[in-house]
Amino acid sequence: MAQLQLIATAPMGLEAIVARELKELGYHDQTVENGRVVFTGDYIDICRCNLWLRSSDRILVKMAEFEATTFDELFEGTKAVSWQDWIPANGEFPVEGRSHKSQLSSVPACQGIVKKAIVEKLKETYHTEWFPENGPRYVIEVILLKDRALLTLDTTGPGLHKRGYRKLVTEAPLKETLASAMIQLSRWTPDRPFYDPCCGSGTLLIEAAMQAWNLAPGLRRSFNSEPWPVIGEQLWEEARNEAMDLVRDDVEFQIAGSDIDPKAIEVAQAAVKAAGLAGEIRLDVMPAAKIRLDGEYGCLITNPPYGERLGDEPEAEKLIRGLGRTAAGMPTWSFFTISPAKQFEHYWGRKADKRRKLYNGRIECQYYQYLGPLPPRHRKAQPEN
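All residue numbers refer to position in the chain's written sequence, counted from 1. For a predicted model such as this one, the threshold for reporting local features is a pLDDT of at least 70, and the threshold for listing and counting side-chain atom pairs is 80 or more; totals across whole chains, interfaces and linings nevertheless cover every residue. Side-chain metrics rest on all non-hydrogen atoms present in the structure, leaving aside hydrogens and water.

(A) Inspection of the overall build of the protein at higher detail. Numbering of helices and strands runs from the N terminus; a helix is a DSSP stretch of H or I covering at least four residues, while a strand is a stretch of E covering at least two. Helix and strand counts for the protein come out as 11 helices and 14 strands. Computed over its C-alpha atoms, the radius of gyration of the protein comes to 23 Å, within 12% of the 21 Å expected for a compact globule of 385 residues. Between buried and exposed lies partly exposed: a residue is buried under 20% and exposed over 50% of the maximum accessible area for its type, with that area taken using a 1.4 Å probe on protein chains only. The buried share of the protein, taken over its 385 residues, is 54%. By definition, residues are in contact when any of their heavy atoms lie within 4.5 Å. Taking the intrachain contacts of the protein between residues at least 6 apart in sequence as the baseline, contacts between residues at least 24 apart amount to 77%. With an accessible surface of roughly 17800 Å², the protein has 49% of that area assigned to carbon and sulfur atoms. Taken over C-alpha atoms, the radius of gyration is set against a globule rule of 2.2 Å times the number of residues to the power 0.38. Methods summary: accessible areas were calculated by the Shrake-Rupley approach with a probe of 1.4 Å, and residue burial reflects only the protein chains presented.

The structure is reproduced here in structure tokens:
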């Protein structure tokens, strides 16, 4: 059994969420670092993690890490890696790069050195002077940080937030990975009502339903590493069949959302259908001020429009104040809102029980958490955020 060093990259602030997801999948041998979680796995774990991780951006293979203060050191460190174990003679292997606080500061030059070293290594195995690069794609990245080079191989391709269900988007959509993290931080479970009054393209609603039914978020998409000979079609088929067997579509839930924009609801309906959840999620055209929350001990989770994001600060303030009044009248519900508004708690009417810094794209936000009581049967085992 191969023992690979794998990296689950994490959006800033979500490293602990990704680490917890990995532990729930059975990967306990892990190290949490800035922007990533390093863990040990096998070839099939590449398949499983790409299919199952909800809040990670991508899965990388850690190929090597070494000191590199000169181009010679970078070349020799790269050439020492067994690239031929991964890349076939016709493999396409573009090299991407980043450099920070390192003597080797020219990213294009570093990319060129790494590419040259890999070519020289592959020549020794395949005994050829030219590689067509018309086969499977192997994206290699060289990251230079404080004169240490990290070489990785991207198994994912387009980021893991690309679930495959969102063909159209609304203005300023919420990334699927962030939406999933917000839900995981909320303590929501499928036996509690879920509502999003600013649902836009329906991302939070769909991610909640996928968690409720234990739907692996990567089931409806493909990955760069699927045609890699080193992994093989059989392992991918095994991982997909395993994920299909774990679907729990008999779990009942009450998930609903609304938006003031009819076009947004049309986009959300299309996404819900593409996700295989048509008829399971209720969608309405409705201003947030007129929502009615049915049931007890529910969770309202939302990403409301705000000035920096959509250019209308007075409307954003009015919306937050309205949600605060709704919360005051629903004492058993919990409310979770992401916003960059500095006066958010003032507009809402009280301080949040918890706050957590998150990034919506490049916008620094706070995740405001107003915690109502847990349902009686949940109170003995309250999960930590």
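(B) Representation of helix α6 (residues 203-212) in the model. Across the 10 residues that make up α6, a large majority, 10, are buried. Where α6 is concerned, the buried positions are Thr-203, Leu-204, Leu-205, Ile-206, Glu-207, Ala-208, Ala-209, Met-210, Gln-211 and Ala-212. Where α6 is buried, its residues meet α5 (176-184), β8 (194-196), β9 (255-259), α8 (262-274), β10 (281-285) and β11 (299-302). In the stretch just after α6, Asn-214 is the one whose phi turns positive, near 55°.

(C) Focus on the packing of aromatic side chains. We call Phe, Tyr and Trp rings a pair once their centres come within 6.5 Å, taking the six-membered ring for Trp, and we label the pair stacked below 30 degrees between planes, edge-to-face above 60, and tilted otherwise. Summed over all chains, the structure comprises 14 aromatic pairs. Considering the side-chain rings of Trp-86 and Trp-228, the 6.1 Å spacing of their centres and the 85° angle between planes classify their relative orientation as edge-to-face. Residue Trp-86 is found in the loop between α3 (71-79) and β5 (95-100), and its partner Trp-228 is found in the loop between α6 and α7 (233-245); the two are separated by 142 residues along the sequence. This pair shows no difference in class: Trp-86 is buried, exactly as Trp-228 is. Considering the side-chain rings of Trp-188 and Phe-194, the 5.3 Å spacing of their centres and the 75° angle between planes classify their relative orientation as edge-to-face. Exposure remark for Trp-188: the relative accessible area of 8% places this residue in the buried category. For the cation-ring pair, Lys-115 lies above Phe-93, with the distance from its terminal atom to the ring centre recorded as 3.8 Å. Charge-over-ring contacts are defined here by two conditions on Lys NZ or Arg CZ: a distance within 6 Å of the ring centre and an angle within 35 degrees of the ring normal.

(D) Broad picture of the nonpolar core. Formed by 52 residues in total, the largest nonpolar core has its most connected members in Leu-22, Leu-74, Trp-83, Trp-86, Ile-87, Ile-140 and Leu-151. Once residues lying within four places of it in the same chain are set aside, the contact partners of Leu-151 are Val-61, Lys-62, Met-63, Ala-64, Phe-66, Thr-78, Val-81, Trp-83, Val-114, Glu-141 and Val-142. Of all hydrophobic cores here, the second largest spans 42 residues; its members include Tyr-165, Phe-194, Cys-199 and Ala-209. In these notes, a set of buried Ala, Val, Leu, Ile, Met, Phe, Trp, Tyr and Cys residues joined through side-chain atoms within 4.5 Å is what counts as a nonpolar core.

(E) Geometry of the sheet that holds strand β2 (residues 30-33). The criterion for strand pairing is that DSSP finds at least two bridges linking the strands in question. The mixed open sheet is built from seven strands, whose spatial order is β2-β3-β1-β4-β7-β6-β5. Each having just a single partner strand, β2 and β5 make up the two edges of the open sheet. Direction aside, the axes of adjacent strands within the sheet are offset by 30° on average. Under this scheme, a helix contributes an axis fitted over its contacting stretch, all axes are lines through C-alpha atoms, and angles between N-to-C directions fall in the 0 to 180 degree range. Lying over the sheet, helix α2 (residues 43-52) contacts β1 (4-9), β3 (36-41) and β4 (59-67), oriented at roughly 10° with respect to β1.

In short, geometric facts, not functional conclusions.
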